[in-house]
Amino acid sequence: MKKISIIGMGYVGLPLAKALQKYFLVTGYDNSVTRINELNKAYDRNSNFTKKQLLSSKNLFFSNKQDDLNNTDIFIVTVPTPIYKNKFPDLRHLENACKIIGKKKKKKNIIIFESTVYPGCTENFCAKILENISGKIYNKDFFLAYSPERINVGDKKNTLEKITKIVGASDAKTLNAVSQIYSKIIKAGVYKCESIAVAESAKVIENAQRDINIAFVNEIGNIFNKLNINLNSVLKAASTKWNFLNFKPGLVGGHCIGVDPYYLTYIARKIGIKPRVIDTGRYTNDLMYKKPANHFIKMNFNYSKKKINKILVLGLTFKENTNDLRNSKIFDLCKYLNSKGYKVSVYDPLVNIKVKHKNFNFYNKINFKNKFKSVFFAVPHKEILLNFNKLNFLFDKKAIIFDLKNVLNQKKIRSDIKVINF
């Protein structure tokens, strides 16, 4: 049985390890001692797997020791690739993974990268590090492949096995070998790309395209708001045309849509192209949190006829039904409200870690005694919606709830509470 070592046990690496261990011996490596200790105790802080599911993984071994990567046949890299404050790619995790593999790889190894990168990064950045550390020659002594992750965090329908896997490799033999590996676990099938660069490019444009479309809807939302026209009504009407793309307005965060476009703009500038459309989309979505915040402040004052200093925000994650806080724009929203003189409290029952932030007080349990006259319902977790009546004691008499996603219309709300849709 072949040994596969996966570097990075996060939202991408762990589901992949779980799937592959049915057919291979799998080592799940992460340099976080805390993460490995938790996984060895069958606890997944990301809530993707239960204790029972982790305990049933007979061929999966978790480790933070590099010696446990010895005798690996195939490495798969699933480390984060975030951005710096200047929006440039932060490849430190990727570089570190390559250095680790370079020390442990044997001849004829295949290294597969799943982390998001700019086109050309796998062969021009990763391969060079691997050569320097190992002393071996790319495409002679070791071979590379790129197969971008398409994990949709919190999505129980479009899971790993149900999403087509695209693969690009350094030669035809490697392409076939990697495709055969993924074919064992991907029911939706494997799509073979003609090169690694094509696979890298497909990944970054997937999310850049979504970013631009959401930015467009956010922008027309601003326009129709000024014209006093209901955006949702406009989108419903426009959706009657067969080829209309019905994107929804909203805050764009997370590990992909809010990050990947910057990898594309980075390489574009390196080759002398100014990516105006992508840049504009990113600019629009990065500042989108100000629109609902200002709308909330205005509606809040109009309803109460005075400024209400205490605010309760419901939801902190970057989207509903996940505990993922990465690049959540709710942090920016809270910071903005705080800068306007509001004392902000945040409640999110899905976030299972302590969150300390200078701009708000955080609670993941209903154990606070304050009552709030003003509530911003930001992230509509099912758990919040199903138990909304249990939150009633947090709402003061004649409270106002600002509903960002317009989901409370059919819910049983106390008769004295005013719900205002965005």
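As a starting point, this report considers the structure included with it.

The rules we used
- Residues numbered from 1 in each chain as written.
- Predicted model: local features only at pLDDT ≥ 70, side-chain atom pairs only at ≥ 80, totals over all residues.
- Heavy atoms only, no water.
- Pairing = 2+ DSSP bridges.
- Helix = DSSP H or I, 4+ residues; strand = E, 2+ residues; numbered from the N terminus.
- Axes fitted to C-alpha atoms, helices over the stretch in contact; angles between N-to-C directions.
- Contact = heavy atoms within 4.5 Å.
- 1 Å grid on protein atoms, 1.4 Å probe; cavity = no way out; pocket = protein on both sides within 12 Å on 5 of 7 lines; lining within 4 Å.
- Points joined across faces, edges and corners; volume = space filled by probe spheres on them.
- Nonpolar A, V, L, I, M, F, W, Y, C, P; charged D, E, K, R; others polar.

Strands sit in the order S3-S2-S1-S4-S5-S6-S7-S8 across an open sheet of eight strands; the sheet is mixed. This sheet does not close on itself; its edge strands, each paired only once, are strand S3 (60-63) and strand S8 (190-192). Taking each pair of neighbouring strands and ignoring which way they run, the sheet shows an average axis angle of 25°. Direction of pairing for strand S1 (residues 3-7) relative to strand S4 (residues 74-77): parallel, over a ladder of four bridges. Note on S4: the bridge partner recorded for Ile-4 is Ile-74. Relative to the sheet, helix H1 (residues 13-20) contacts S1, strand S2 (25-29), S3 and S4, its axis offset from that of S1 by approximately 170°.

Even without being a glycine, Asn-71 presents a positive backbone phi close to 65°. Residue position: Asn-71 is located in the loop between S3 and S4.

What the six strands build is an open sheet, ordered S11-S10-S9-S12-S13-S14; its pairing is parallel. Strands with a single pairing partner mark the edges of an open sheet, and in this sheet they are strand S11 (361-363) and strand S14 (418-421). If you compare each strand with its neighbour and ignore which way they point, the axes differ by 20° on average. Note that strand S9 (residues 310-314) and strand S12 (residues 372-377) share four bridges and pair parallel. Opposite Leu-312, over in S12, you have Val-375 as the bridge partner. Docked against the sheet, helix H12 (residues 329-339) engages S9, strand S10 (343-347) and S12, running at close to 155° with respect to S10.

One number sums up the size of the second largest pocket: a volume of about 990 Å³. Lining the second largest pocket are 40 residues, and of these Gly-10, Tyr-11, Val-79, Pro-80 and Arg-326 sit closest to its centre. Among the elements of the structure, helix H2 (33-40) and helix H4 (92-104) are those that each provide at least two residues to the lining of the second largest pocket. Class assignment of the residues belonging to the lining of the second largest pocket gives a composition of 14 nonpolar, 17 polar and nine charged.

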